[in-house]
Amino acid sequence: MITLKEVKNKKELKAFVTFPFQLYKNSKYWVPPIISDEVATLSSDKNPAFLHADAYFFLAYKDNKIVGRVAAILNWTEIKTQNVKKMRFGWLDMIDDISVSKALLDKVANIGKLNNLEFIEGPVGFSNLDKNGALTFGFDHIGTMATWYNHPYYITHFEELGYLPEKEYIESKFPFNTIPVERFTRVNEIITKRFKLRPSKFTKTKEVIPHIDSMFDLFNKSYAKLSTFVPVSDEQREYFKQKFINFINPEYIKFVFDENDNMVAFAIVLPSFSHALQEANGKLFPFGFLKLLKAKKHSKTVLFYLIGVEPNYHNKGVTAIIFKEFYETLKKQNIETCIRLPELADNLASQQIWKDFDTEIIKRRKTFRKEL
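Cut-offs used in this document
- Residues numbered from 1 in each chain as written.
- Predicted model: local features only at pLDDT ≥ 70, side-chain atom pairs only at ≥ 80, totals over all residues.
- Heavy atoms only, no water.
- Helix = DSSP H or I, 4+ residues; strand = E, 2+ residues; numbered from the N terminus.
- Buried < 20%, exposed > 50% of the residue type's maximum accessible area, 1.4 Å probe, protein only.
- Contact = heavy atoms within 4.5 Å.
- Core = buried A, V, L, I, M, F, W, Y, C linked by side-chain atoms within 4.5 Å.
- Phe/Tyr/Trp six-rings, centres within 6.5 Å; stacked < 30°, edge-to-face > 60°.

Draft legend 1. Region of interest: the side chain of Thr-41. Within the element layout of this structure, Thr-41 appears in helix α2 (residues 35–41). Thr-41 sits in the buried class, given a relative accessible area of 2%. Residues contacting Thr-41, with those up to four places away along its chain left out, are Asn-47, Phe-50, Trp-91, Phe-126, Tyr-239 and Lys-243.

Draft legend 2. Helix α5 (residues 153–160), seen in detail. Those residues of α5 that sit buried are Tyr-153, Tyr-154, Ile-155, His-157 and Phe-158. Just downstream of α5 lies Gly-162, where phi reads positive at about 85°.

Draft legend 3. Layout of the nonpolar core. Of all hydrophobic cores here, the largest spans 68 residues; its most connected members are Phe-255, Phe-304 and Leu-330. With eight residues, the single largest contributor to this core is strand β10 (residues 263–271). Filtering out sequence-adjacent residues up to four positions away, Leu-330 remains in contact with Phe-176, Tyr-252, Val-302, Phe-304, Ile-335 and Cys-338. Core analysis: the next-biggest nonpolar cluster, separate from the first, contains 53 residues, Ala-49, Leu-117, Phe-126 and Ile-155 among them.

Draft legend 4. Quick peek at the packing of aromatic side chains. Under the definition given, this model contains 24 aromatic pairs. Each ring, one from Phe-89 and one from Phe-158, has its centre 6.0 Å from the other, and the planes form 40°; the classification is tilted. Of the two residues, Phe-89 is situated in strand β4 (residues 86–94) and Phe-158 in helix α5; the sequence distance between them amounts to 69 residues. The residues Phe-89 and Phe-158 share a single accessibility class, namely buried. Centroid distance Phe-202 to Phe-255: 5.6 Å. Interplanar angle 75°. Geometry classified as edge-to-face. You can see Phe-202 sitting in the loop between β8 (198–199) and α7 (205–208) and its partner Phe-255 sitting in strand β9 (residues 253–257), a full 53 residues away along the chain.

See the structure below:
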């Protein structure tokens, strides 16, 4: 018999966060989060997403042992302001037992019905900057700090429970030495002169900080038309600044400005922390932070995390400026592999950015939906 218990205290929340450590303990591909960071993400007194959302966390028990977990999320900005009557679920993990999956997802669906919502969808987080999508292809590739990993049977469970694919995301990689630098150099020279644009060149974090708010403004503007989009609030901006700034090398952040110093494009690249996070096994101390610091300085793999372009500059070659700058930076770091983190498969504007790269799709992931 499956019993569900709502998480009510810090001890139970830690059990919620650490359940995947047992589920994936023998996996070469699962990348564990830092436990303290994950607890903070799911704590209403730490994560400002809770200013505009409610979340309920449930653990599933069988024979007095934890066998599953799920987060039920009500994003009120999405529901009330955007009039998208969606019940979100995320942080879904479970053993290969359909009765566990059913109990967890039925609980989320019931919360959606009580709030007069129309459908349930997941796995997703609170917003676009959270992890989303269940892996459907590429189970034999190591995960990243920005994505969830799951066993193949998750997809079978969704299908058996009547959930249908809703949105698809793709992840791809390309060797650094295949970047068409000559083309970007040529286009860069034309575009910078024609539109009077200039790239940023940062070497210190303190140089980046004054531009972060402008970056989030541009993020909200450039991603607004996507079907998944929920704006990032001012409070969330501050939270993400603190959460991610220590993981990013300042030279891996690129901005493009016009002649009036308005930001027209941005891109963020992260060093890959996957192997370091596996070695840290959820703990910063005593040695986890040293492993992360080493990866930050010496990783030969980078992750293209976010790219945004002012809509008025779409299809004008502005990304050539960004890629030229990244080429020069990454060459100095002897980078070998570049990975594109999940992008909506139907985001044609994004696909156009990468058309000149020799990319290989290595993972696919989907969200799944069911009417309420």
